[in-house]
Amino acid sequence: MTEIIKEGSGHRTHIKSPLMRESLMDRRVLAASDTEPVLPILPNTHVVHIGGSSILDRGKDAILPLLDEVVRCRANYRLLLGVGGGARLRHTFHIALDLGIPTGGLAMVAGEVDEQNRAMIQAVLAKHGGIALHKDQYAELPLWMASGMIPIMSGMPPFQFWEPPTGSRRIPHFREDYGMFIVSEVLGAASMIFVKDEDGLYSADPKREPDAEFIAAIDARELLARNFPDLIIDRAVVESMLHARSTRRVQIINGLKPELLGRALAGEPVGTIITVEKGAKHGK
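These figures come from a predicted structure and were not determined experimentally.

Enquirer: Break down the overall build of the protein chain for me, citing the residues and quoting the values.
Expert: Scanning the protein chain for helices and strands turns up nine helices and twelve strands. Computed over the C-alpha atoms, the radius of gyration of the protein chain is 21 Å, within 12% of the 19 Å expected from 2.2 N^0.38 for a compact globule of 284 residues. By residue count, 46% of the 284 residues in the protein chain fall in the buried class. Intrachain contacts of the protein chain at a sequence separation of at least 6 include 67% that bridge at least 24 residues.

The structure is reproduced here in structure tokens:
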């Protein structure tokens, strides 16, 4: 039973807990809150994020074979799809920047663009159980998964006007890749797979530098330390992996080779795998 404590001249009432009477600004108190293992909410779910400019903007020649593979894999795996915004998102950012819209406003309109792609992918997958997932429907995910549905969601995290400032740049730091990574982390998902239009991570953009080094596997700390000028996924994903409790491994595959999705879901080391070094405690 919860213990109620009354003390002091004013008879303040407290509920006994390690956080009793303490400020949640105190770093020592915050560090002491890591006392219990994190509950995996949907540990059998695989989160798959489909890139906007890399896959969706290419049209049916890229999208339909990949979605056929999604449907095939759905027979053996519970899949949650995320979609990016692509070229329309970049065009929207350009207009918003020209108008002087602040970073939080850019994040707000970006989510609306992603939702258009979500609607299109849902329409294509509707006959296979594709269903649009809105952010207030997360509680229904267990039922949808058990029913064999394929939820599709916008990857843009719902910071909206509360998007953190990004210093010298106005483009939001936390975008679709990061949003889907956080979904995977919260659900305790079985895997987090990013579907792009390259075989994985390179030391530079291989479209511009054909001699760029391909990296099949790398630790998140090493990747950040190498400070590549460009990354195939949001840098915020790699930064957040250092603090993750559930999703400490992400995989990047080439969606133009749709058969790789099934192999990745089966645990094969295709594409690039980024991990947090085994034994490294989160936040350290």
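Alright, that's what it looks like, and here's the rest.
Enquirer: Outline the side chain of K196, supporting the account with residue identities and numerical values.
Expert: With respect to the helices and strands, the residue K196 is situated in strand β7 (residues 191–196). Setting aside residues up to four positions removed in sequence, K196 forms contacts with S54, I55, D177, I232, I233, I252, I253, N254, G255 and L256.

Enquirer: Explain the pairing of strand β12 (residues 272–275) to me, and be specific about the residues and the numbers.
Expert: Two faces belong to every sheet, and in a regular strand the side chains alternate between them. Here strand β10 (residues 217–219) pairs with β12 via three bridges, running parallel. Its bridge partner being in β12, A217 is matched across the sheet by I273. Judged from the four bridges that link them, strand β11 (residues 249–254) and β12 form a sheet pairing that is antiparallel. Looking at β12, one finds that I252 is bridged to T272.

Enquirer: Please provide a residue-by-residue account of the packing of aromatic side chains, values included.
Expert: Evaluation of the coordinates by the stated rule reveals three aromatic pairs. Considering the side-chain rings of F174 and Y178, the 4.6 Å spacing of their centres and the 50 degrees angle between planes classify their relative orientation as tilted. No difference in accessibility class separates F174 from Y178, as the two residues are buried.

Enquirer: So what's going on with the side chain of Q251? Residues and values would help.
Expert: Turning to its location among the elements, Q251 is positioned in strand β11. Reaching out from Q251, the side chain makes a polar contact with the backbone oxygen of E268 at a distance of 2.9 Å. A distance of 2.8 Å separates a polar side-chain atom of Q251 from the backbone oxygen of V270.

Enquirer: Account for the sheet that holds strand β3 (residues 45–50), naming residues and giving values.
Expert: Here we have eight strands laid out as an open sheet, ordered β5-β6-β4-β3-β7-β11-β12-β10, and mixed in their pairing. At either margin of the open sheet sits one strand with a lone partner, and together these are β5 (130–132) and β10. Taking the axes of each pair of neighbouring strands and ignoring which way they run, one obtains an average angle of 25 degrees across the sheet.

Enquirer: Residues and numbers for the nonpolar core, please.
Expert: Within the largest apolar cluster, 35 residues are counted, with the highest numbers of intra-cluster contacts made by L80, F194, L223, I233, M241, V250 and I274. Among the secondary structure elements, those contributing two or more residues to this core are α5 (141–146), α6 (176–187), β7, α7 (220–226), α8 (235–241) and β11. Per-element accounting of this core gives the leading share, five residues, to α6. A62, I150, A264 and V270 belong to the second largest nonpolar core, which has 26 residues in total.

Enquirer: Tell me about helix α3 (residues 87–99), residues and numbers included.
Expert: Here α3 is 13 residues long and its end C-alpha atoms lie 19 Å apart, about the 18 Å a rise of 1.5 Å per residue gives. Of the residues making up α3, those classed as buried are L89, F93 and A96. The arc that holds every buried residue of α3, seen down its axis, measures 70 degrees, which confines them to one face. In α3, the exposed positions that point more than 90 degrees away from the buried face belong to R90, H94 and D98. The inward-facing, buried residues of α3 abut α4 (103–125) and α6. Once α3 ends, the next one or two residues include G100, with phi positive near 85 degrees.

What counts and what doesn't
Residues numbered from 1 in each chain as written. Predicted model: local features only at pLDDT ≥ 70, side-chain atom pairs only at ≥ 80, totals over all residues. Heavy atoms only, no water. Helix = DSSP H or I, 4+ residues; strand = E, 2+ residues; numbered from the N terminus. Rg over C-alpha atoms; globule rule 2.2 N^0.38 Å. Buried < 20%, exposed > 50% of the residue type's maximum accessible area, 1.4 Å probe, protein only. Contact = heavy atoms within 4.5 Å. Pairing = 2+ DSSP bridges. Phe/Tyr/Trp six-rings, centres within 6.5 Å; stacked < 30°, edge-to-face > 60°. Polar contact = N/O pair within 3.5 Å; in protein donor to acceptor, adjacent residues only side chain to side chain. Axes fitted to C-alpha atoms, helices over the stretch in contact; angles between N-to-C directions. Core = buried A, V, L, I, M, F, W, Y, C linked by side-chain atoms within 4.5 Å. Expected span 1.5 Å × (residues − 1). Arc of directions from axis to C-beta.

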